[in-house]
Amino acid sequence: MPNVYTRGGDKGETGLFGSSRTPKDNIRVDAYGTMDEANSAIGLAYSLCDDQEIREILHYLQKRIFVLGAELASDEKGKEMLADKISQADVDYMECTMEQYLAIIGPQKAFIIPGASPASAALHVARTVVRRGERLIVKYNRENEESRPELVKFVNRLSDTLFVLARTVEFNGVVKEIVDRVKEKLNRLETEQAESINEDTCDKEYSLLTLAKKMAAAARVKAEEINVPIVFSVVDSGGNLAYFERMEDALMVSIDISVNKAYTANALKMSTDKVASVVKENGSLYGLQWTNNGRMVVFGGGYPLKVNGEVIGGIGVSGGSVDEDMIIAKSALAVL
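Note that the structure is predicted; figures quoted are calculated from it, not measured.

Undergrad: Explanation requested: the overall build of the chain in the structure shown.
TA: The helix and strand inventory of the chain stands at ten helices and six strands. Taken across its 336 residues, the chain has 44% of its residues classed as buried. Long-range pairs, those at least 24 residues apart, make up 67% of the contacts in the chain with a sequence separation of at least 6. Working note: accessible area of the chain is about 18,200 Å², and carbon and sulfur atoms make up 52% of it.

Next comes the structure, spelled out in structure tokens:
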């Protein structure tokens, strides 16, 4: 096995593939040295990432960076001997990869501050090193006009790809955290003794409080998914508040609206989005909206809570648009 040291660079020069030599501070050497640094940074990200699909992508990109470095480290004679070179196919591969993940995580809506997780932070370091390598390759091209345009395209897309992968790792971490929280809460609820709020209308197996907590967890997951802070309320069959949760940043006005939606849905045994049609001027219950001390709500977000065909209370969601509140409320009811 050859020695690690050869003493060939003791005079400040290094050999290129093809047998010629060049100073170690040559822009070409700086360029492929920086890409070698980028490869190491990607290797760190690879070691920290637990997503097998992303690990495979990173490993493939590392191998292509070696191909890129080989061409940058070759003189004209060496380039003619290279069997593999960066091509448009490499650029197409990265563009397809980005489109695949962007379809999942959506467009960027704010500046990204690296550090959400060790893996994503390492990917951000890698993509900034690639950007430095890109600048050096562009400068080398301008000064020497020797390298092919495919090399610049490759490093440009490479940095973009690493950025998208960093965002994906962050996105997956948020999703996993939400799922783990819900699973933990539901597992804890399953071990709690059932608390019967109204045994005449609700079996012990389905106590109102237990159902309320499960529905609240499901509502919270959906609300976080669509980025709408809400207030979630449950009333019993007598219209009394049995359960209440308010997410951080939910509007204060949503507190009364949420409770009153639950009250209305229970009192009328219908979803609140259907109330508007019966309280209009020529409706069968015109004027009802001004009764019950102003507690009747005539827009969506409240639903009667039924178990075994019986109404045992009502739920109310407030915080977003009417459509958003209804979507979140239906997600809560889905636990039934």
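Undergrad: I keep staring at the pattern of salt bridges and nothing clicks. Help me out?
TA: Where side chains of opposite charge bring their charged atoms close, a pairing between them can arise. If you walk through the whole model with that rule in mind, you get eleven salt bridges. Residue Glu37 is joined to Arg132 by a salt bridge in which the shortest nitrogen-to-oxygen separation is 2.9 Å. Here Arg132 lies in helix 5 (residues 118-144) and Glu37 lies in helix 1 (residues 27-48), a separation of 95 residues in the sequence. Note that Arg157 is salt-bridged to Glu95, the shortest N-O span being 2.8 Å. On the criterion of sequence distance, the pair formed by Arg157 in helix 6 (residues 149-191) and Glu95 in helix 4 (residues 88-105) is long-range, its members being 62 residues apart. One network of salt bridges, with partners in common, ties together Arg64, Asp84 and Asp90.

Undergrad: Would you explain empty space enclosed by the protein in this entry?
TA: Unfilled space is identified by rolling a water-sized probe across the atoms. Inspection of every chain in the model, using the stated rule, returns one cavity of 30 Å³ or more. Estimates place the volume of the largest cavity at around 40 Å³. Ala216, Ala219, Arg220, Ile230, Phe232, Glu245 and Met247 are the residues that line the largest cavity. A per-element tally of the lining of the largest cavity places helix 7 (residues 208-225) first, with three residues. A breakdown of the residues in the lining of the largest cavity according to their chemical character gives five nonpolar, no polar and two charged.

Undergrad: What is the right way to read the packing of aromatic side chains from this model?
TA: Between two aromatic rings, the relevant description is the distance of the centres plus the angle of the planes. Counted under the stated rule, the structure contains one aromatic pair. It is Arg55 that lies over the ring of Tyr46; its NZ or CZ is 4.0 Å from the centre. Between the NZ or CZ atom of Arg295 and the centre of the ring of Tyr263, over which it lies, the distance is 3.8 Å.

Undergrad: What is the right way to read the environment of Arg132 from this model?
TA: We classify Arg132 as partly exposed; its relative accessible area is 31%. Separated by 94 residues in the primary sequence, Arg132 and Ala38 place their C-alpha atoms 9.1 Å from one another. Excluding residues that lie within four positions of it along the chain, Arg132 makes contacts with Thr34 and Glu37. Looking at Arg132, its side chain comes within polar contact range of the side chain of Glu37, at 2.9 Å.

Undergrad: Would you explain the sheet that holds strand 3 (residues 231-236) in this entry?
TA: Pairing between the strands of a sheet comes from backbone hydrogen bonds, and it takes one of two forms, parallel or antiparallel. Here we have four strands laid out as an open sheet, ordered 4-3-6-5, and antiparallel in their pairing. At either end of the open sheet lies a strand with only one pairing partner, and these are strand 4 (241-246) and strand 5 (302-307). The mean inter-strand angle of the sheet, taken between neighbouring strand axes irrespective of direction, is 20°. One ladder, built from six bridges, connects strand 3 with strand 6 (residues 310-318); its direction is antiparallel. Within strand 6, the position partnered with Ser233 by the bridge is Gly316. On top of the sheet, helix 7 reaches strand 3, strand 4, strand 5 and strand 6; it is set at about 160° to strand 3, its chief contact. Lying over the sheet, helix 10 (residues 322-333) contacts strand 3, strand 5 and strand 6, oriented at roughly 140° with respect to strand 6.

Undergrad: Can you walk me through the pairing of strand 4 in this structure?
TA: Residues in a regular strand project their side chains so that they alternate between the two faces of the sheet. Where strand 3 meets strand 4, five bridges bridge the pair, whose relative direction is antiparallel. Bridging from a neighbouring strand, Ser233 pairs with Phe244 of strand 4. In sequence, strand 3 turns back onto strand 4 through a hairpin of four residues, with Gly239 there showing a positive phi of about 85°.

Conventions we followed
Once a new chain begins, its residue numbering starts again from 1 and follows that chain's sequence as written. Reporting in this predicted model follows two pLDDT cut-offs: at least 70 for local features of residues, and 80 or more for side-chain atom pairs to be given and counted; totals over whole chains, interfaces and linings ignore these cut-offs and use all residues. Side-chain figures throughout are based on the complete set of non-hydrogen atoms in the structure, without hydrogens or water. Where helices and strands are cited, they refer to DSSP runs of H or I of at least four residues and of E of at least two residues respectively, numbered from the N terminus. With a 1.4 Å probe rolled over the protein chains alone, any residue whose accessible area is under 20% of its type maximum counts as buried; one over 50% counts as exposed, and the rest are partly exposed. Residue contacts are counted whenever heavy atoms from the two residues lie within 4.5 Å of one another. For the accessible areas, the method is Shrake-Rupley and the probe is 1.4 Å, while residue cover comes only from the protein chains on display. Basic side-chain nitrogens of Lys or Arg form a salt bridge, by our definition, when they fall within 4 Å of a carboxyl oxygen of Asp or Glu. Here a cavity means grid points, on a 1 Å grid over the protein atoms only, where a 1.4 Å probe fits yet cannot get out; a pocket means an open set of points with protein on both sides within 12 Å along at least five of seven lines; lining residues are those with an atom within 4 Å of a point. Grid points are joined across faces, edges and corners, and a volume is the space filled by probe spheres set on the points. Gly falls in the polar group here, along with every residue not listed as nonpolar (Ala, Val, Leu, Ile, Met, Phe, Trp, Tyr, Cys, Pro) or charged (Asp, Glu, Lys, Arg). Planes of paired rings set the category: under 30 degrees apart is stacked, over 60 is edge-to-face and the rest tilted, where pairs are Phe, Tyr or Trp rings (Trp by its six-membered ring) whose centres lie within 6.5 Å. Note on criteria: charge over ring means Lys NZ or Arg CZ within 6 Å of the ring centre, with the direction from the centre no more than 35 degrees off the ring normal. Counted as a polar contact is a pair of N or O atoms within 3.5 Å, where, for protein atoms, one must be capable of donating a hydrogen and the other of accepting one, and residues adjacent in sequence contribute only when both atoms are in side chains. Any two strands between which DSSP finds at least two bridges are classified as paired. Each axis is a line fitted through C-alpha atoms, and for a helix only the stretch in contact is used; angles between axes span 0 to 180 degrees, taken between their N-to-C directions.

Take it as geometry only, folks, not as evidence of what the structure does.
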